[in-house]
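Chains, contacts and geometry: an overview
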Amino acid sequence: MSSSDIFIGETIGTAVLILLGGGVCAAVTLKRSKAQNAGWLAITFGWGFAVLTGAYLAGGVSGAHLNPAVTIGLAIEGGTKWSDVPLYLGSQLLGAMIGAVLVWITYYGQFQAHLTDPEILAEQPAEEGLVDQKTAPKAGPVLGIFSTGPEIRNAVQNLATEIIATVVLVLAILTQGLNDNGNGLGVLGAMATALVVVGIGLSLGGPTGYAINPVRDLGPRIVHALLPLPNKGGSDWSYAWIPVAGPLIGGAIAGGLYNIAFK
């Protein structure tokens, strides 16, 4: 496939992935949303459908990696040229940022209502301030819409959780090629991957919110830091390396395991 195919497919596919995935987080989190407090099941299935939609859109154009961990795993497995990896990763990051901006536009009124609500403001530490980013809380009240965060902040455990969950995801994608006489699952592959994402969310998502995709976390976190959201608090950059490093390590491990165990 051409460079333009990779750029267009990965940018659009990842943008839709983040729009729908971040959208369900916004729907469940924000006040004045009809889906507020819908819960973890809504979030996990919402992200599964987000993967399904993004993969269908981009599958015939770029192969629908939509995730640097998948790209790294496929490069190690041999299905993707290493020379194409930087373009895949850059396109995915751009798409993730576009998707996050679209979530903000879609829920603009809800963001404003939520972040100016006295009850929400009262939940923030008074001594830390809510506007000054240098003194704001590490994780602002809507950061979870844009990126992930741990329930228990333990770098070793959080990193291990992301690695394990990503190994499951990337191995599940790589082993699709073992079906149908080596030709993969075709359009059913997107459905299978979406269900794997739902399963990971339900079973392994509790500790960290299951980034399992570096740009899914990094791109929207950058957008959170840049958007003019009132009282948004901090973007928790001290944690941001874990949902980037963990999935990349997990993708590399999955690619190596595939070569050892399945080839």
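Please refer to the structure higher up on the page.
Following the criterion strictly, the structure yields five aromatic pairs and no others. Between Phe-45 and Phe-49, the ring centres sit 6.4 Å apart and the planes meet at 45°, which makes this aromatic pair tilted. A residue pair is termed a helical-turn pair when its members lie 3 or 4 positions apart in one helix, as Phe-45 and Phe-49 do in helix α2 (residues 40-62) at four residues. Classification of Phe-45 by relative accessible area gives partly exposed; the value is 36%. Under the relative-accessibility criterion, Phe-49 is labelled exposed at 51%.

This part takes up the nonpolar core. Within the largest apolar cluster, 53 residues are counted, with the highest numbers of intra-cluster contacts made by Trp-47, Phe-111, Val-142, Ile-145, Phe-146 and Leu-229. Here this core gets nine residues from one element, more than from any other, and that element is helix α8 (residues 155-174). Ignoring any residue separated from it by four or fewer positions in sequence, one finds Phe-146 in contact with Ala-100, Phe-111, Arg-216, Asp-217, Pro-220, Arg-221, Val-223, His-224, Leu-227 and Leu-229.

This part takes up a nonpolar patch on the surface. Side chains of Phe-7, Ile-8, Ile-12, Leu-57, Val-61, Leu-94, Ile-98, Leu-102 and Ile-105 sit close together on the surface and give an oily, nonpolar patch of about 720 Å² of accessible area. Elements that contribute at least two residues to the nonpolar patch include exactly α1 (3-29), α2 and α4 (85-106). Ranked by the residues each element gives to the nonpolar patch, the list is headed by α4, at four residues. Following the sequence through the fold, Ile-8 ends up in helix α1.

The buried count for helix α3 (residues 68-77) comes to nine of 10 residues, which makes it a mostly enclosed element. Burial in α3 covers these residues: Pro-68, Ala-69, Val-70, Thr-71, Ile-72, Gly-73, Leu-74, Ala-75 and Glu-77. Its buried side turned inward, α3 meets α4, α8, α10 (214-226) and α11 (242-261). The backbone nitrogen of Ala-69 lies 2.8 Å from a side-chain oxygen of the residue at the head of α3, namely Asn-67. Once α3 finishes, Gly-78 follows within two positions and takes phi at roughly 110°, a positive value.

The subject of this paragraph is α4. With 22 residues, α4 extends 31 Å between its outermost C-alpha atoms, agreeing within 8% with the 32 Å of an ideal straight helix rising 1.5 Å per residue. Within α4, the full set of buried residues consists of Val-85, Tyr-88, Ser-91, Gln-92, Gly-95, Ala-96, Gly-99, Ala-100, Val-103 and Trp-104. Lining the buried residues of α4 we find α1, α2, α3, α5 (108-115), α7 (143-146) and α10.

Time to look at the environment of Ile-120. Locating Ile-120 in the fold gives a position in helix α6 (residues 118-122). By relative accessible area, which is 7% here, Ile-120 ends up buried. Spatially, the C-alpha atom of Ile-120 lies 7.5 Å from that of Pro-141, the residues being 21 residues apart in sequence.

Quick look at the packing of α10 against α11 now. It is the contact of α10 with α11, at a shortest axis distance of 8 Å, that shows an interaxial angle of 160°. One finds that α10 runs roughly antiparallel with respect to α11. Considering only the axes of α10 and α11, their crossing is left-handed. Contacts between α10 and α11 involve Pro-214, Asp-217, Leu-218 and Arg-221 on the former and, on the latter, Pro-243, Val-244, Pro-247 and Leu-248.

So, on to unusual backbone geometry. One non-glycine residue, Arg-32, adopts positive backbone phi at about 70°. Secondary-structure assignment places Arg-32 in the loop between α1 and α2. Arg-32 gets classed as exposed once you look at its relative accessible area, which sits at 69%. For Ile-212, which is not glycine, the phi torsion reads 45° and is therefore positive. Its location among the elements puts Ile-212 in the loop between α9 (188-204) and α10. Ile-212 sits in the buried class, given a relative accessible area of 6%.

Reading guide: rules and limits
Within each chain, residue numbers correspond to sequence positions counted from 1 in written order. With the structure being a predicted model, the display of local features is reserved for residues of pLDDT at least 70 and the display and counting of side-chain atom pairs for 80 or more, all residues being used for whole-chain, interface and lining totals. Each side-chain value is worked out from all heavy atoms of the structure, with water and hydrogens disregarded. Pairing of aromatic rings covers Phe, Tyr and Trp, the last counted by its six-membered ring, and requires centre-to-centre distances within 6.5 Å; plane angles under 30 degrees mean stacked, over 60 mean edge-to-face, and any other angle means tilted. Helical segments are the DSSP runs of H or I of at least four residues, strand segments are the runs of E of at least two, and each set is numbered from the N terminus. Remark: exposure states derive from per-residue accessible area (1.4 Å probe, protein chains only) relative to the maximum for the residue type, with buried under 20%, exposed over 50%, and partly exposed in between. The criterion is simple. A nonpolar core is a set of buried Ala, Val, Leu, Ile, Met, Phe, Trp, Tyr and Cys residues joined through side-chain atoms within 4.5 Å. By the convention used here, residues are in contact when the closest approach between their heavy atoms is within 4.5 Å. Residues enter patches when their relative accessible area tops 30% and they take part in no salt bridge; the joining distance is 9 Å for like charges and 5 Å for the nonpolar side chains Val, Leu, Ile, Met, Phe, Trp and Tyr. Each accessible area value is a Shrake-Rupley result obtained with a 1.4 Å probe; residue values ignore everything except the protein chains displayed when judging cover. The salt bridge definition used is simple: a Lys or Arg side-chain nitrogen within 4 Å of an Asp or Glu carboxyl oxygen. Pairing of N or O atoms within 3.5 Å defines a polar contact, subject to two protein rules: one partner must be a possible hydrogen donor and the other a possible acceptor, and residues neighboring in sequence count only if both atoms are side-chain atoms. By this rule, a helix spans an expected 1.5 Å times one less than how many residues it contains. To get an axis, a line is fitted to the C-alpha atoms, and for a helix only the part in contact is used. The angle between two axes follows their N-to-C directions and goes from 0 to 180 degrees. An angle counts as roughly parallel when it lies under 35 degrees, as roughly antiparallel when it exceeds 145, as roughly perpendicular when it falls between 65 and 115, and as oblique in every other case. Here a crossing is taken to be left-handed if its near helix is turned anticlockwise relative to the far helix by less than a right angle, and right-handed if that turn runs clockwise.

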